[in-house]
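So the chains spell out like this:
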Amino acid sequence: MRHSLFVYCIGFCLFLDCTTAPSAPKTAFKIVTTTQMLADAISPHLNSSCSIVVLFPEGIEPHSYRPVPSDIKLLQEADAVLYNGLHLEANMESMLEHLGRSKPCISLGFFIPHQDLIPLDEHSYDPHIWFDITLFGFAAMKAADSLDKVLSKPVFLSNQTHLDSLVQLDSLLLKQWQNLPESQRVLCSVHDAFSYYCRKYKLKQISLQGVSTAAEFGIYEVNDMVDFIVENKARVAFTEAHALTKAMKSVQMGCAKRGHKLTIGEPLLTDAPGKKGSLGGSWPGMVIENSDKIQKAFSHD
Ligand SMILES: [Zn+2]
């Protein structure tokens, strides 16, 4: 199964390569997206009159990112701005709101029905929507359609083939996960970014940190995680590029004291794709790379 997924992914990435670099004429609409995930998701639905620029530098952590003067210039020069919303760009909210008075400034989260979002409390939702491939992909299509209505010339490209690819990829991942008994599908991570992924493929999950990487955590969270790991017989826990490997080592030591062996898996990609040109260097490639790392770690267990 992994082999067929790999072959499929190569095809998918080649397809993305064709769609993310449209040869835009001089009069192109400049669309600025905050994250690379947004750019990768919307570009297949925009015609060649659009050029897409990603605001966040490669690998940046969006929860705490503060815009620099060159970002403000870029946003001012844009014809439209697409952001994730749901408080992902927490330090840019008032700026985006202000910008929205003078140009189209749309949030992808707006195009996802409330019942499909994961609530955090009465007033907020989990922003990590890109980990539900089809939810994010279809919302991006709606966002492109919406841009078409607010910009002065048509920009929307109907791309059913791309949507079909996402559905196919999603069902492939689902089949892969179904090969593993539900009791063994346990994802332990530092940062709580995987709720949409875990909901989709029926994984139990626990994290040390909250939904934002700015959230504090300490000994109570470490102890809770140790309890959860021992109780669920989880064998692997994962860190990520921006997360604290040291904290996961404390969990590992806590498990060892309880006679439970815990391995630390390869770092996962959470709030930004990986290195450009790699499988995880784009969306949805980052979801595929994560799936591969998690499943490989589980099978070596
Ligand atoms: Zn996050």
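This one's a predicted model, so the numbers in the text were calculated from it and none came from an experiment.

Cut-offs used in this document
Residues numbered from 1 in each chain as written. Predicted model: local features only at pLDDT ≥ 70, side-chain atom pairs only at ≥ 80, totals over all residues. Heavy atoms only, no water. Helix = DSSP H or I, 4+ residues; strand = E, 2+ residues; numbered from the N terminus. Buried < 20%, exposed > 50% of the residue type's maximum accessible area, 1.4 Å probe, protein only. Contact = heavy atoms within 4.5 Å. Areas by Shrake-Rupley, 256 points an atom, 1.4 Å probe, with all protein chains shown as cover. Pairing = 2+ DSSP bridges. Right-handed = clockwise from strand over helix to strand, strands pointing away. Donors = N, O, S within 2.8 Å, 3.2 Å for Na, K, Ca; no water. Core = buried A, V, L, I, M, F, W, Y, C linked by side-chain atoms within 4.5 Å. Domains from an automatic or database assignment. Salt bridge = Lys/Arg side-chain N within 4 Å of Asp/Glu carboxyl O. Axes fitted to C-alpha atoms, helices over the stretch in contact; angles between N-to-C directions. Parallel < 35°, antiparallel > 145°, perpendicular 65-115°, else oblique. Nonpolar A, V, L, I, M, F, W, Y, C, P; charged D, E, K, R; others polar. Left-handed = near helix turned anticlockwise from the far one by under 90°.

## Some points on the overall build of the protein
For the protein, the count of helices and strands is ten helices and eight strands. Taken over 301 residues, the protein has a buried fraction of 53%. In the protein, of all internal contacts separated by at least 6 residues, the share reaching a separation of at least 24 is 69%. For the protein, the exposed surface amounts to about 14,200 Å²; the carbon and sulfur share of it is 55%.

## Examining the pairing of strand β6 (residues 204-207)
Here four bridges tie strand β5 (residues 186-189) to β6, and the two strands are oriented parallel to one another. Its bridge partner being in β6, Val-186 is matched across the sheet by Lys-204. In this region the chain leaves β5, passes through helix α7 (residues 195-201) and returns to the parallel neighbour β6; the handedness of that crossover is right-handed.

## Re the environment of Cys-198
Relative to the helices and strands, Cys-198 is located in helix α7. Separated by 66 residues in the primary sequence, Cys-198 and Asp-132 have C-alpha atoms spaced 9.1 Å apart. The contacts of Cys-198, once residues within four sequence positions are left out, are Leu-187, Leu-203 and Gln-205.

## Details of the coordination of the zinc ion
Octahedral metal centres with six donors ideally show angles of 90 or 180 degrees, and tetrahedral centres with four donors ideally show 109.5 degrees. Coordination sphere of the zinc ion, protein contribution only: His-63 (NE2), His-128 (NE2), His-191 (NE2), Asp-271 (OD) and Asp-271 (OD), at 2.0 to 2.4 Å. Counting residues between consecutive donors of the zinc ion along the chain gives the motif H-x64-H-x62-H-x79-D. You can see His-63 sitting in the loop between β2 (50-54) and α3 (69-77) and its partner His-128 sitting in the loop between β4 (105-107) and α5 (133-150), a full 65 residues away along the chain. Using a relative accessible area of 5% as the deciding quantity, one classes His-63 as buried. Of the residues examined, His-128 reaches a relative accessible area of 0% and is grouped as buried.

## Some words on the nonpolar core
The nonpolar side chains of soluble globular proteins are, as a tendency, buried together. Among the nonpolar cores identified, the biggest contains 55 residues, and Leu-108, Ile-129, Trp-130, Phe-131, Phe-136, Leu-147 and Trp-283 are the most heavily contacted of them. When residues in this core are grouped by element, the largest group, eight residues, is from α5. If you count residues domain by domain, this core takes at least three from each of domain 1 (2-170) and domain 2 (181-300). Judged by nonpolar contacts, the second largest core, of 17 residues, contains Cys-188, Val-226, Phe-228 and Ala-247.

## Comments concerning the pattern of salt bridges
Pairing between side chains becomes possible if they bear opposite charge and their charged atoms approach one another. Summed over all chains, the structure comprises nine salt bridges. Glu-77 is the salt-bridge partner of Lys-30, the closest N and O atoms lying 3.4 Å from each other. Within this pair, whereas Lys-30 is found in strand β1 (residues 29-33), its partner Glu-77 is found in helix α3, the two being separated by 47 residues in sequence. Of the residues examined, Lys-30 reaches a relative accessible area of 22% and is grouped as partly exposed. Residue classification places Glu-77 among the partly exposed residues on the basis of a relative accessible area of 40%. Note that Arg-199 is salt-bridged to Asp-132, the shortest N-O span being 3.9 Å. Note that Arg-199 is positioned in helix α7 and Asp-132 in the loop between β4 and α5, a separation of 67 residues in sequence. Residue classification places Asp-132 among the buried residues on the basis of a relative accessible area of 6%. Taken together, the shared-partner salt bridges in this structure form one network comprising Asp-132, Asp-170, Arg-199 and Lys-200.

## Observations concerning the environment of Met-92
Within the element layout of this structure, Met-92 appears in the loop between β3 (80-83) and α4 (93-99). In the structure, Met-92 is positioned 27 residues away from Tyr-65 in sequence and 8.1 Å away in space, judged by C-alpha atoms. When residues no more than four places from it in sequence are discounted, the contact partners of Met-92 are Thr-34, Leu-55, Phe-56, Tyr-65, Pro-67 and Leu-75.

## Let's talk about the packing of helix α6 (residues 160-178) against helix α10 (residues 285-300)
For the pair α6 and α10, the least separation of the axes is 12 Å and the interaxial angle reads 10°. One way to sum up the angle between α6 and α10 is to call them roughly parallel. Side by side, α6 and α10 meet where Leu-169, Leu-173, Gln-176 and Trp-177 of the first sit next to Val-287, Ile-288, Ser-291, Ile-294, Gln-295 and Phe-298 of the second. Residue composition of the contact of α6 with α10, by class: seven nonpolar, three polar and no charged.

## Focus on the packing of helix α8 (residues 219-232) against helix α9 (residues 245-257)
Helix-helix packing: each pair is described by the crossing angle between the helix axes and the interaxial distance. As a packed pair, α8 and α9 sit with axes 9 Å apart at the nearest point and diverge in direction by 50°. With respect to their mutual orientation, α8 and α9 come out oblique. Where α8 crosses over α9, the handedness of that crossing is right-handed. For the pair α8 and α9, contact is made by Val-222, Met-225, Val-226 and Ile-229 and by Met-248, Ser-250, Val-251, Gly-254 and Cys-255, respectively. Tallied by class, residues from the contact of α8 with α9 come to seven nonpolar, two polar and no charged.

## Re the environment of Ile-31
Here Ile-31 is to be found in strand β1. Taking the C-alpha atoms as reference, Ile-31 lies 5.7 Å from Val-81; in sequence the two are 50 residues apart.

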